[in-house]
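Residue-level listing of the chains:
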Amino acid sequence: MDLISILNPCRHFRGFVYRQARFSADDNSIEVQVEPRKGSAAVCSRCHLPAPGYDQLAERRFEFIPLWGFLVFLLYTMRRVNCRRCGIVAVEEVPGATANAH
């Protein structure tokens, strides 16, 4: 059984899918690639409603639940949205993301 098969029923993020899990270059942590689910709209972090995409930012690392003594990081390239309701370009809302991302 691979790590993705364990993560899917354990912690499912609506609109996102786990693509690949691998050990980091230093073998001290596990990195899990996360992508938006095909056809899912990004959500404005300000008004919390779907909004059309604008562009993408650089990949970020989000700390996740440690597993078997390894730190686990979710790797995700956040999208920016052009929210017509708010009248701004904003970073999408990502479930489970906090301000202390690496």
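Below: a short report on this structure. (Residues numbered from 1 in each chain as written. Predicted model: local features only at pLDDT ≥ 70, side-chain atom pairs only at ≥ 80, totals over all residues. Heavy atoms only, no water.)

## Points about unusual backbone geometry
In step 1: Of note in this structure, Asp27 is not a glycine but carries a positive phi near 60 degrees.
In step 2: In this structure, Asp27 sits in the loop between strand 1 (16–23) and strand 2 (29–36).
In step 3: The residue His48 is not glycine, and still its phi comes out positive at about 65 degrees.
In step 4: Looking at the element boundaries, His48 is found in the loop between strand 3 (42–43) and strand 4 (50–51). (Helix = DSSP H or I, 4+ residues; strand = E, 2+ residues; numbered from the N terminus.)

## Topic: the pattern of salt bridges
A pair can form between side chains of opposite charge whenever their charged atoms are brought close.
In step 1: Scanning the entire structure with this criterion turns up 5 salt bridges.
In step 2: Residues Glu35 and Arg19 are paired through a salt bridge, measuring 3.0 Å at the closest nitrogen-oxygen approach. Highlighted residues: Glu35 in strand 2 and Arg19 in strand 1, separated in sequence by 16 residues.
In step 3: On the basis of relative accessibility, which here comes to 32%, the residue Glu35 falls in the partly exposed class.
In step 4: Residues Glu31 and Arg22 are paired through a salt bridge, measuring 3.4 Å at the closest nitrogen-oxygen approach.
In step 5: For Glu31, a relative accessible area of 12% corresponds to the buried category.
In step 6: The class of Arg22 is partly exposed, set by a relative accessible area of 31%.
In step 7: Each of Arg22, Glu31 and Arg61 takes part in salt bridges that share partners, so that together they form one network. (Salt bridge = Lys/Arg side-chain N within 4 Å of Asp/Glu carboxyl O. Buried < 20%, exposed > 50% of the residue type's maximum accessible area, 1.4 Å probe, protein only.)

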